[in-house]
Amino acid sequence: MTITEFGNPILRREAIRIDTAEILGTEIQTLINDMLETLITKKLGVGLAAPQVGISKALSVIAIRKSEHRPNVKARDLVIINPEITETVGRRVQLYEGCISGGPGKASLFAKVPRYKRIRLQYYDEKGIKQHEYFEGLLAHVIQHEVDHLEGILFVDKVRDTKSYMTHKEYVAYAKAKLARKHA
Ligand code: ZN
């Protein structure tokens, strides 16, 4: 799979909603498997939306894994189809994020984006079952980034603190230092 990058018009289009009767079909199931494999084996990041692989469909895959600067997260894979945030809890907080489409691998930029800590999401899973679930922490954060992708919104659109931009290298150093302070 080839990753589309910032500037590609597909990333600015609203993705087409998937007919739920087609979720169990070969086309969507193959797409889900290929996207999860691309995300996990290429270690691209924590989430990937279909427009980022050149397909304008309302589907994103999420794969949360422990990493050096995220040793405490619970691993989870999640497939969200036709997702809709139905509720947000509290005020937004500024959280760092980057995007796979923002530059190849370690060349990507990170910045602070206002995100809700807790959300409720309505979506269809990979089995075609309608779900309505609360998410918090990293999952809630990643889901908001992914839902934006399916609406043609990129994280750079939402950055308010433009001085917060940093490279992948600096972000990893920042995240590790933050983690060390937390455990000090
Ligand atoms: Zn992204």
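Everything that follows concerns the structure shown earlier in this document.
In what follows, the accompanying structure is described. (Residues numbered from 1 in each chain as written. Predicted model: local features only at pLDDT ≥ 70, side-chain atom pairs only at ≥ 80, totals over all residues. Heavy atoms only, no water.)

**Examining the nonpolar core**
Cut-off, in case you're wondering: Take the buried residues of types Ala, Val, Leu, Ile, Met, Phe, Trp, Tyr and Cys, join any two whose side-chain atoms come within 4.5 Å, and each joined set is a nonpolar core. Here the term buried applies to any residue with accessible area under 20% of the maximum for its type, exposed to any over 50%, and partly exposed to those in between, with areas from a 1.4 Å probe on protein chains only. Secondary structure is summarised from DSSP: a helix means a run of H or I of at least four residues, a strand means a run of E of at least two, and numbering begins at the N terminus for each. The contact criterion used throughout is that any non-hydrogen atoms of two residues lie within 4.5 Å.
Core analysis: the biggest nonpolar cluster contains 18 residues, and Ile-32, Met-35, Leu-48, Leu-59, Val-61 and Ile-81 have the highest contact counts within it. Breaking this core down by element, the ones donating at least two residues are α1 (26-41), β2 (59-64) and β3 (76-98). Per element, the largest residue contribution to this core is six residues, and it comes from α1. When near neighbours in sequence (up to four residues on either side) are disregarded, Val-61 contacts Ile-32, Met-35, Leu-36, Leu-39, Val-46, Gly-47, Leu-48, Leu-78 and Val-79.

**Let's talk about the pairing of β2**
How we decide: Any two strands between which DSSP finds at least two bridges are classified as paired.
Of all six residues making up β2, six are buried, and the element is well covered by its neighbours. Where burial is concerned, the two faces of β2 agree: the one with Leu-59, Val-61 and Ala-63 and the one with Ser-60, Ile-62 and Ile-64 are both buried. Relative to β2, strand β1 (residues 47-49) is paired through three bridges, and the arrangement is antiparallel. By the bridge assignment, Ala-49 is partnered in β2 with Ser-60. Where β2 and β3 come together, six bridges link them in antiparallel fashion. Residue pairing for β3: Leu-59 is matched across the bridge by Ile-81.

**Some details on helix α4 (residues 168-183)**
Condition: Helix span, as expected, comes to 1.5 Å for every residue beyond the first.
The terminal C-alpha atoms of α4 lie 23 Å apart, and with 16 residues this matches the ideal 22 Å at 1.5 Å per residue to within 8%. As for α4, its buried residues are in contact with β3, β4 (109-124) and β6 (166-167).

**Let's talk about the layout of surface pockets**
As a reminder of what qualifies: Definitions used for this entry: grid spacing 1 Å over protein atoms alone; cavity, a set of points where a 1.4 Å probe fits but cannot get out; pocket, an open set with protein on both sides within 12 Å along at least 5 of 7 lines; lining residue, one with an atom within 4 Å of a point. Grid points are joined across faces, edges and corners, and a volume is the space filled by probe spheres set on the points.
Looking at the second largest pocket, its volume works out to about 150 Å³. Surrounding the second largest pocket, Glu-14, Ala-15, Arg-17, Ala-58, Asn-82, Pro-83, Glu-84, Ile-85, Val-147, Leu-150 and Glu-151 form its lining. Sorting the residues of the lining of the second largest pocket by element identifies β3 and α2 (137-150) as the ones contributing at least two each. With four residues, β3 is the single largest residue contributor to the lining of the second largest pocket.

**A word on the pattern of salt bridges**
Rule in force here: Between Lys or Arg on one side and Asp or Glu on the other, a salt bridge is scored when a side-chain nitrogen of the former is within 4 Å of a carboxyl oxygen of the latter.
A full pass over the atoms with the stated rule returns nine salt bridges. Measuring nitrogen to oxygen at the nearest pair gives 2.7 Å for the salt bridge that ties Arg-65 to Asp-77. Of the two residues, Arg-65 is situated in the loop between β2 and β3 and Asp-77 in strand β3; the sequence distance between them amounts to twelve residues. Classification of Asp-77 by relative accessible area gives partly exposed; the value is 39%. Salt-bridge contacts for Glu-133 lead to Arg-76; the nearest nitrogen and oxygen are separated by 3.3 Å. In this pair, Glu-133 is assigned in strand β5 (residues 130-136) and Arg-76 in strand β3, connecting sequence segments 57 residues apart. Under the relative-accessibility criterion, Glu-133 is labelled partly exposed at 23%. One salt-bridge network, held together by shared partners, links Glu-97, Arg-115, Asp-148 and Lys-158.

It is worth stressing that arrangement in space is one thing and function is another; only the former is reported here.
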